[in-house]
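Structural characterization, general
Letter by letter, the chains look like this.
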Amino acid sequence: MYDLVVIGSGPGGYTAANRAAQLGMKVACVERYSTFGGTCLNVGCIPSKAMLVSSEHFTAAQHHMAEHGIEFDGIKLNLDKMQERKREVVSQLTRGIAGLFKKNKVDGIQGWGTIESPTSVKVAKPDGSSETLETKKILIATGSKPISIPGVEIDKDRIVDSTGALEFGEVPEHLIIIGAGVIGLELGSVWSRLGAKVTVLEYMPKILGMTDDEVAKQAQRIFKKQGIEFELQAKVTGAAVNGETVTVTYTDKNDAERTVEGDRLLVSVGRRAFTDKLGLENVGLETNKRGQLEVDHDFKTKVDGIYAIGDVIPGAMLAHKAEEEGVVCVERMSGIGAHINYDAIPDVVYTEPEIAGVGKTESQLKDEGIAYKKGKFPFMANGRAKSMASTDGFVKILADEKTDRILGAQIIGPRAGDLIAELAVAMEFGASAEDIYRSSHAHPTLAEVIKEAALSVEGRPLNM
Ligand code: FAD
Ligand code: NAD
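Residues numbered from 1 in each chain as written. Chains lettered and ligands numbered in written order. Predicted model: local features only at pLDDT ≥ 70, side-chain atom pairs only at ≥ 80, totals over all residues. Heavy atoms only, no water.

1. Some thoughts on the overall build of the chain
- Within the chain one finds 13 helices and 22 strands.
- Relative to the compact-globule value of 23 Å for 464 residues, the chain shows a C-alpha radius of gyration of 23 Å, a close match.
- With respect to the three principal axes, the spread of C-alpha positions in the chain is 65 × 60 × 45 Å.
- Expressed as a percentage of the 464 residues in the chain, the buried residues total 50%.
- Once local pairs closer than 6 in sequence are excluded, the contacts in the chain between residues at least 24 apart make up 63%.
- Carbon and sulfur atoms provide 49% of the accessible area of the chain, an area that totals close to 21,800 Å². (Helix = DSSP H or I, 4+ residues; strand = E, 2+ residues; numbered from the N terminus. Rg over C-alpha atoms; globule rule 2.2 N^0.38 Å. Buried < 20%, exposed > 50% of the residue type's maximum accessible area, 1.4 Å probe, protein only. Contact = heavy atoms within 4.5 Å. Areas by Shrake-Rupley, 256 points an atom, 1.4 Å probe, with all protein chains shown as cover.)

Written out as structure tokens, the structure reads:
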């Protein structure tokens, strides 16, 4: 008899399983694929970041090294090698999860998990056999899957989702992307850097929907300079494949019917919670209209003893959000009063430059009628950014008008994804903009832009 059976080994599931074992529970983690790690490690965060880094090196070698006095002749792309390195990075990390399970004495079990009752999970194994795990509690961490749109069928060859777009064996000549969200921009950047013409069709009037307007505008300008073309307010109506050509039809912002032809199409219009063949009906659990499982503050579903976390429940679809939920869920099961501050969960887009945010954006504060002060400082005026030749972007800090408490922050610029951590911690501690600028920031570092942005909240930057 297990104390806890976790279904799904993504960042939510494997983290919860390990933490539960650390807390003394007897735990099994069921995963239908042959490797642990879920979307994030196998076909998401990790392979995409590996390809982003490799393609960034390729661009640097081609276009940016010369200004540092480093000259190359005959730069060539070896895509097979690049893909091989990516697979090796993935393999090392997924094997790492198996190692962690071993260390923490979690039984990692390969097979499709189906809930049979609130205390049993049947696992259908790849060899055709099955096993029923008896357990006190069940944690659903089955994650999410990509979606498509009517008239566009993913054939996994010419028309692909993110998984397919990470695996192209050759650089597309013209990659069309539906959706200017995180996946569209990250994977669009990869293939654009490697030589593809990239056209992004986006339904909304801006890219990166939830991102701060000013940041999104500047990002679009920079991506355009990098060669990515955008067609905003484009309503895609269908896609057809003819030999090696994909034709996408859409209605443009003036309601005119348009077509665009390419050799590959990436559909990146969002993801849906995944609960297929999970056996929810066996225990009377239903999903909401968006296919998600609703949970309470303790991550309990409406069935006693069954919990859910990560992409399968409402909220941002982020690996670190799933991880936090996994830890808090099992700690609360054990009587520890853990909590999550959803206002201080950062989000990062790993383009060049990176884009990161935490807390509220200006438009959210305006919509909520919250009075705020704003401090903004550009990387252009920062010594480290200059020496890196990476000066695009800025840090913006939004603080409560009366109390000076930080309500949100956005960064577009070099290493934004790492820099945002300071502001997330600051928000977690309820810091003010003054707390930030009174803290010493090493010189010369990119973090000094954060300090200057905090000073700018009071209208008195030191270096501009
Ligand atoms: P998942 O990681 O989806 O894991 C769920 C697991 O459950 C899967 O392995 C699945 O096989 C398994 N499963 C499902 N049903 C069953 C069943 N019945 N039996 C057994 N096993 C089952 N997020 C970030 O924070 N940063 C990033 O940089 C980032 N990059 C991304 C890039 C891409 C291309 C994609 C697609 C996503 C990216 N994400 C990123 C999002 C991130 O991957 C997800 O938010 C995260 O993986 C969610 O974790 P999870 O544990 O909830 O689910
Ligand atoms: P997304 O929600 O980020 O973006 C989807 C985009 O597609 C939106 O801009 C939307 O307006 C557009 N769209 C929707 N329907 C459309 C249509 N019919 N025609 C044209 N455009 C349309 O989704 P995604 O990029 O697919 O990413 C899925 C999830 O994965 C996200 O929730 C994200 O959090 C996660 N993810 C995170 C990271 C990261 O943290 N760096 C990276 C990749 C993915």
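Once the structure has been displayed, the description carries forward.
2. Topic: the site of ligand 1
- Taken together, the neighbourhood of ligand 1 is formed by 39 residues, with Glu31, Thr39, Lys49, Gly113 and Ala319 sitting nearest.
- Between ligand 1 and Pro11, the relevant distance is 3.4 Å, taken from an oxygen atom to a main-chain nitrogen or oxygen of the residue.
- Contact between ligand 1 and Cys40: an oxygen atom at 3.4 Å from a main-chain N or O atom of the residue.
- Elements with a minimum of two residues in the shell around ligand 1: helix H1 (11-22), strand E2 (27-31), helix H2 (38-43), helix H3 (45-64), strand E4 (112-117) and helix H8 (319-333). (Near = heavy atom within 4 Å. Polar contact = N/O pair within 3.5 Å; in protein donor to acceptor, adjacent residues only side chain to side chain.)

3. Here's the deal with the environment of Glu354
- With respect to the helices and strands, Glu354 occurs in strand E19 (residues 354-359).
- Remark: the alpha-carbon pair of Glu354 and Ile420, spanning 66 residues in sequence, is separated by 10 Å.
- Ignoring any residue separated from it by four or fewer positions in sequence, one finds Glu354 in contact with Val349, Ile411, Ile412, Gly413, Arg415, Ala416, Gly417 and Asp418.
- Here Ala416 takes part through its backbone nitrogen, which lies 3.4 Å from a polar atom of the side chain of Glu354.
- At 2.9 Å, the side chain of Glu354 forms a polar contact with the backbone nitrogen of Gly417.

4. Some details on the pattern of salt bridges
- Counted according to the given criterion, the structure contains 25 salt bridges.
- Among the salt bridges present, the one from Arg95 reaches Glu88, with a minimum N-O distance of 3.5 Å.
- Taking the shortest distance from any N to any O, the salt bridge between Arg460 and Glu458 comes out at 3.2 Å.
- Given a relative accessible area of 35%, Arg460 falls into the partly exposed group.
- By relative accessible area, Glu458 is classed as partly exposed at 37%.
- Taken together, the shared-partner salt bridges in this structure form one network comprising Asp212, Glu214, Glu362, Lys374, Lys376 and Lys396. (Salt bridge = Lys/Arg side-chain N within 4 Å of Asp/Glu carboxyl O.)

5. Some points on the packing of H3 against helix H4 (residues 79-104)
- Axis separation between H3 and H4 bottoms out at 9 Å; the angle between their running directions is 140 degrees. Between H3 and H4, the interaxial angle falls into the category oblique. Here H3 and H4 pass one another in a crossing that is right-handed. Of H4, the residues touching H3 (which contributes Ile46, Pro47, Ala50, Met51, Val53, Ser54 and Ser55) are Leu79, Met82, Gln83, Arg85, Lys86, Val89, Val90 and Leu93.
- Tallied by class, the residues present in the contact of H3 with H4 amount to 10 nonpolar, 3 polar and 2 charged. (Axes fitted to C-alpha atoms, helices over the stretch in contact; angles between N-to-C directions. Parallel < 35°, antiparallel > 145°, perpendicular 65-115°, else oblique. Left-handed = near helix turned anticlockwise from the far one by under 90°. Nonpolar A, V, L, I, M, F, W, Y, C, P; charged D, E, K, R; others polar.)

6. Considering the packing of aromatic side chains
- One pass over the structure, following the stated rule, counts 3 aromatic pairs.
- A ring pair is formed by Phe36 and Phe101, whose centres lie 5.0 Å apart and whose planes are at 65 degrees; its orientation type is edge-to-face. Taken together, the residues Phe36 in the loop between E2 and H2 and Phe101 in helix H4 connect sequence positions 65 residues apart. Residues Phe36 and Phe101 agree in their burial class; the two are buried. (Phe/Tyr/Trp six-rings, centres within 6.5 Å; stacked < 30°, edge-to-face > 60°.)

7. As for the sheet that holds strand E18 (residues 347-349)
- Pairing in this open sheet of 5 strands is antiparallel, and the strands run E18-E19-E22-E21-E20 from one edge to the other. A single partner strand is all that each edge strand has here, and the edge strands are E18 and strand E20 (372-378). Neighbour-to-neighbour, the strand axes of the sheet open up by a mean angle of 10 degrees, direction not taken into account.
- Bridging between E19 and strand E22 (residues 406-413) involves 6 bridges; their strand directions are antiparallel. When the bridges of E22 are listed, Val358 appears paired with Ala409.
- Along the sheet, helix H11 (residues 416-428) contacts E18, E19, strand E21 (394-400) and E22; its crossing angle with E19, the most-contacted strand, is approximately 10 degrees. (Pairing = 2+ DSSP bridges.)

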